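Understanding the architecture of this molecule
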Amino acid sequence: MSNPTPAAGGGARIRFLRKLRAIHGWIGLWGALMGLGMGISGILLNHRNILPLPVTLLEKSSVQLPVPVEARATPQQLATWLQSEHGVPARNEPGIKVEKAGKVLFDGRELEIPERWLLSFAEPRRNYSAEYYPGAGLVKLDKQDAGLLGTLTRLHKGSGANALWVLLIDTIGGALILLSLSGLMLWTRLEWPRTSGLVVGLGGIGLAAVWFLKFGL
């Protein structure tokens, strides 16, 4: 008497689970490689005030620069001049903040403050910030150079990172989501009792989260 062959649905389920397990493994490898760097930099950030780190995190310097007349008209012109003449990072768009002139109270006295331009130029390994009062002949330029650990922690926070790095970091979040979903599917083995139990459990957690956000403890 011949052995009974497995149902077509059961064979398809087994093949799907095998492919899913392989995909789960490759996604886990990518997540582990990227997560290693993020984990190390995260620990350094968490303990930066406790650990005696031997590598300088940040070196600061400041200088006053004469500004040509053609660079004084707008904040964008000033930023372009700093980028072209003084090596300020030009890879990313500068951050520009204009503080309008106005009146403030200082020590019980009303004082008039002039307009001020604040410019920032960021890269993972260095950061520049400029302070300028329109019409003045000088601009104050601050430079911050990050060491090895400083660069690592700035990359962790995305400071000065370009769009490509942001997308790369997004792959870590995507990998975690796919790992979670594929892991849950592998645990259920696509069997009804486990799948239904998982759905009920996740539904309960979701309702509890909604209740907590709406009503608190």
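Residues numbered from 1 in each chain as written. Predicted model: local features only at pLDDT ≥ 70, side-chain atom pairs only at ≥ 80, totals over all residues. Heavy atoms only, no water.

**A look at the overall build of the protein**
- From N to C terminus, the protein includes five helices and seven strands.
- Burial analysis of the protein (217 residues in total) assigns 23% to the buried set.
- Accessible surface for the protein amounts to roughly 14,900 Å². Of this, 65% is attributable to carbon and sulfur atoms. (Helix = DSSP H or I, 4+ residues; strand = E, 2+ residues; numbered from the N terminus. Buried < 20%, exposed > 50% of the residue type's maximum accessible area, 1.4 Å probe, protein only. Areas by Shrake-Rupley, 256 points an atom, 1.4 Å probe, with all protein chains shown as cover.)

**Some thoughts on helix α2 (residues 75–85)**
- Those residues of α2 not exposed but buried are Pro-75, Leu-78, Ala-79, Trp-81, Leu-82 and Gln-83.
- After α2 finishes, the residue Gly-87 shows a positive phi value of roughly 70°.

**Some thoughts on the pattern of salt bridges**
- One pass over the structure, following the stated rule, counts four salt bridges.
- One salt bridge connects Glu-99 with Lys-97, and the closest N-O pair in it is separated by 3.8 Å.
- Look at Glu-99 and you get partly exposed, because its relative accessible area is 26%.
- Relative accessible area serves as the criterion here: at 47%, Lys-97 is assigned to the partly exposed category.
- Arg-116 is the salt-bridge partner of Glu-99, the closest N and O atoms lying 2.8 Å from each other. (Salt bridge = Lys/Arg side-chain N within 4 Å of Asp/Glu carboxyl O.)

**Concerning a positive patch on the surface**
- Where like charges cluster on the molecular surface, the positive patch consists of Arg-15, Arg-18, Lys-19, Arg-21 and Arg-189.
- Residue placement: Arg-18 occurs in helix α1 (residues 8–46). (Patch = residues over 30% accessible without salt bridge, like charges linked within 9 Å, V, L, I, M, F, W, Y side chains within 5 Å. Lys, Arg positive; Asp, Glu negative; His and termini not counted. Charge placed at Lys NZ, Arg CZ, Asp CG, Glu CD.)

**Focus: the pairing of strand β4 (residues 109–113)**
- Examined bridge by bridge, strand β3 (residues 102–106) and β4 share five bridges and lie antiparallel to one another. Paired with Val-104 across the bridge in β4 is Leu-111. (Pairing = 2+ DSSP bridges.)

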